[in-house]
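A look at the structure
Chain by chain, the residues:
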Amino acid sequence: MNNQRRNVLKSGTGAAVLGALAAAGIIKPGVALADWNKAAFEAKSMADTLKALGAGAPVESKDVQVTGPDIAENGAVVPVGVASSIAGTTMVAILVEKNPNALAASFTLPEGTEANVQTRVKMGQTSNVYALVKAGGKFYMATKEIKVTLGGCGG
Amino acid sequence: MRHTFTILLAGFACGLLSGTAAASSEMDAIAKYRELLADGNPSELVAAQGEELWKTKRGPQQASLERCDLGLGPGVIKGAYAKMPRYFKDTGRVQDLESRLMTCMENLQGIEPKSIVDGKFLKGEREKVAALVAYVVTESNGARIDVDMRHPEMKKMYEMGKMAFYFRAGPMDFSCATCHGEEGKRIRMQDLPDLRTQKGAAAGWGSWPAYRVSNGEFWTMQHRLNDCFRQQRLPEPIYGSDVTIALSVYLAATAKGGTMLTPGIKR
Amino acid sequence: MGNPMKIRAAAKDGVTEVKVLISHEMETGQRKDANGAVIPAWFITELVAKHGDKVVLQSEFGTAVSKNPYLAFKFKGGAKGDKVSVSWKDNKGDSRTDEAVVN
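Thresholds, definitions, all that
Residues numbered from 1 in each chain as written. Chains lettered and ligands numbered in written order. Predicted model: local features only at pLDDT ≥ 70, side-chain atom pairs only at ≥ 80, totals over all residues. Heavy atoms only, no water. Salt bridge = Lys/Arg side-chain N within 4 Å of Asp/Glu carboxyl O. Helix = DSSP H or I, 4+ residues; strand = E, 2+ residues; numbered from the N terminus. Buried < 20%, exposed > 50% of the residue type's maximum accessible area, 1.4 Å probe, protein only. 1 Å grid on protein atoms, 1.4 Å probe; cavity = no way out; pocket = protein on both sides within 12 Å on 5 of 7 lines; lining within 4 Å. Points joined across faces, edges and corners; volume = space filled by probe spheres on them. Phe/Tyr/Trp six-rings, centres within 6.5 Å; stacked < 30°, edge-to-face > 60°. Pairing = 2+ DSSP bridges. Axes fitted to C-alpha atoms, helices over the stretch in contact; angles between N-to-C directions. Parallel < 35°, antiparallel > 145°, perpendicular 65-115°, else oblique. Contact = heavy atoms within 4.5 Å. Nonpolar A, V, L, I, M, F, W, Y, C, P; charged D, E, K, R; others polar. Disulfide = S-S within 2.5 Å. Polar contact = N/O pair within 3.5 Å; in protein donor to acceptor, adjacent residues only side chain to side chain.

Before going further, it helps to examine the pattern of salt bridges. For the structure on display, the rule yields 24 salt bridges over all chains. Between Arg 8 of chain C and Asp 39 of chain B there is a salt bridge, with its nearest N and O atoms 3.7 Å apart. You can see Arg 8 of chain C sitting in strand β1 (residues 6–12) and its partner Asp 39 of chain B sitting in the loop between α2 (21–38) and α3 (43–55), one on each of two chains. Note that Glu 44 of chain B and Arg 8 of chain C form a salt bridge whose closest N and O atoms lie 3.7 Å from each other. Of this pair, Glu 44 of chain B sits in helix α3 while Arg 8 of chain C is found in strand β1, placing the two residues in two different chains. For Arg 8 of chain C, a relative accessible area of 38% gives the class partly exposed. A cluster of three or more residues bridged by salt bridges with shared partners is formed by Asp 39 and Glu 44 of chain B together with Arg 8 and Lys 19 of chain C.

Written out as structure tokens, the structure is:
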């Protein structure tokens, strides 16, 4: 995949370029944005996913948080939030270690958008959930275990 | 059939757990989980479809439902559900929301109720009724449960509903009260309120229709009751039939004074 | 085209909070139907939120994002009456854009 183009698109100038392209009618606004990071989303292990995201070995940080319930009644809908108080955070991602593909979602944050995003993810089983954060070209992370009770007696 | 049987037994085995300390802290965690989902309850999407359906000209008569009278006058939706079921003069019957919507769809749009009564949940016109229900009940969220029990037909339905609630039947000799007539009962991590009390009925009646997290589906009260008949091992009740409406009258009347928190979010 | 999204945007103390609910199956491609046939993956891959013309969030989803995706985030600026739009695109090439007014 064309990493060069991807990086351009993901940076602030990328947005401006896109805006121009959209204005020129070359791309439909909001539709033909960055290439979906197939390699990262299809990676299986945490290590491969981090590699595909160019994250190498992220540093654990207290300034990064994963929020969510201690127990999720239903693994199909698990509310998860990631937040970072590290200045210059430009990307946050949610990874579920024990899912078939660890990466659930990634968010690119333009200047002015808070590094605090909530969504809902599927979890096949009880697992560690990771928040991966990119700030100033470096990667940081935090983790939280979320238990999943799969129907039945919740056992 | 075999499948439901196992589920039921599991349910009862779990029910026995209620009251232990471990179970109660787990219940707190689950309560927090449901709370996190309440904001952005996916029912909102169903309600949005319902609103669109309400305003869309459909059926052989190519009409919208904007003149449908849910008891507060043609087209008035706000607060209408909190006063249902109710006696409707034009049909001469007590109707719950689903059966009333069928009346409107038939009279205004020319859509045959048969297609809904004989249909399947979450399919075809019955699914459309559910979307309309989601829209209508959202407009009663926060309203006081206030069914008008003065009409003799309402009183009759109440008595019938009460009888049905306590009527033991089926291979297990269960009644609704077997599962819903006890304080603090739990089956499958779902607190089951004592539906015989005002507080319990308000909690139960007032939080349906609901989005069910376990299957990602929006269920109307007809659907809820249908499933409880199944749990009771009874034949499926006819959609919108008197016994289902009577049970709703009994529940709503018992819940009177409580608050509608609709659509709810459930297991 | 899909069904409409629900977008709520509220401005408070110079920060706008956006909450989005999207109607989408988010099929993982790992489930089987009643006949044992694999249900093909069908999921949103990209999503962009804008305040006026400015991109305020850009995201990529995998199949692990729940059915009927929910998203909440905050950006600086935004005032009552401004427009916030959200667009998504899925792996089948379907897309949709909805708009909401900040209140």
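Additional details are given in the paragraphs that follow.
Residue and element names in this part refer to chain B. Applying the stated rule across the entire model yields 4 cavities of 30 Å³ or more. Reported here for the largest cavity is a volume of approximately 60 Å³. Along its surface, the largest cavity is lined by Phe 121, Leu 122, Arg 126, Glu 127, Ala 130, Phe 218, Trp 219, Thr 220, His 223 and Tyr 239. Of all elements in the fold, only α6 (124–138) and β6 (217–219) reach the threshold of two or more residues within the lining of the largest cavity. Among the elements that make up the lining of the largest cavity, the one with the highest residue count is α6 (3 residues).

A few words now on the packing of aromatic side chains. Working definition: an aromatic ring pair is given by the centre-to-centre distance plus the angle between the planes. In the structure shown here, the tally under the stated rule is 9 aromatic pairs over all chains. Their ring planes at 70 degrees and their centres at 6.5 Å tell us that Phe 107 of chain A and Phe 61 of chain C sit as a pair that is edge-to-face. Pair noted here: Phe 107 of chain A is in strand β6 (residues 103–108) and Phe 61 of chain C is in strand β4 (residues 54–61), and the two residues belong to different chains. Just as Phe 107 of chain A is buried, Phe 61 of chain C falls in that class too. Geometrically, the ring pair formed by Trp 54 of chain B and Tyr 135 of chain B is edge-to-face, given 6.1 Å between the ring centres and 65 degrees between the ring planes.

Here we come to the sheet that holds β6 of chain B. Residues and elements named next belong to chain B. The sheet built from 3 strands is open, its strands ordered β6-β5-β7 with mixed pairing. Looking at which strands have only one partner, the edges of the open sheet turn out to be β6 and β7 (264–266). Shown here is a sheet whose adjacent strand axes are inclined to one another by a mean of 30 degrees, direction ignored. Bridge count for strand β5 (residues 210–212) against β6 is 3 bridges, and the pairing is antiparallel. Bridging across to β6, Tyr 211 finds its partner in Phe 218.

Residue and element names in this part refer to chain B. The interhelical angle for the contact between helix α10 (residues 221–231) and helix α11 (residues 242–255), taken along N-to-C directions, is 105 degrees, at an axis separation of 11 Å. With respect to α11, the element α10 is oriented roughly perpendicular. Between α10, through Met 221, Gln 222, Leu 225 and Phe 229, and α11, the contact on the second element is made entirely by Val 243, Thr 244, Ile 245, Leu 247, Ser 248 and Leu 251. Broken down by class, the residue content of the contact of α10 with α11 amounts to 7 nonpolar, 3 polar and no charged.

Okay, the state of the cysteines next. All names here are of chain B. Summed over the entire model, instances satisfying the criterion amount to 1 disulfide over all chains. Free of any disulfide, Cys 176 has its nearest neighbouring cysteine sulfur in Cys 228, separated by 7.3 Å. Given a relative accessible area of 16%, Cys 176 falls into the buried group. We note that Cys 179 lacks a disulfide partner, and the nearest cysteine sulfur, in Cys 228, lies 7.6 Å from it.

In this complex, chain C contributes 34 residues to the contact, which on the side of chain A involves 37 residues. Run the count over chain C and chain A and you get 0 salt bridges. Taken together, the links from chain C to chain A amount to 18 residue pairs in polar contact (both at pLDDT 80 or more). When residues of the side of chain C that touches chain A are traced back to their parent elements, those giving at least two are β2 (15–21), β3 (44–51), β4, β5 (70–76) and β6 (83–90) of chain C. Looking at the side of chain C that touches chain A, the element that brings in the most residues is β4 of chain C, giving 8 residues. Classifying every residue of the side of chain C that touches chain A by side-chain character gives 16 nonpolar, 10 polar and 8 charged. With 2 bridges connecting them, strand β7 (residues 116–121) of chain A and β5 of chain C associate as antiparallel partners. The residue of β5 of chain C that forms the bridge with Thr 119 of chain A is Leu 71 of chain C.

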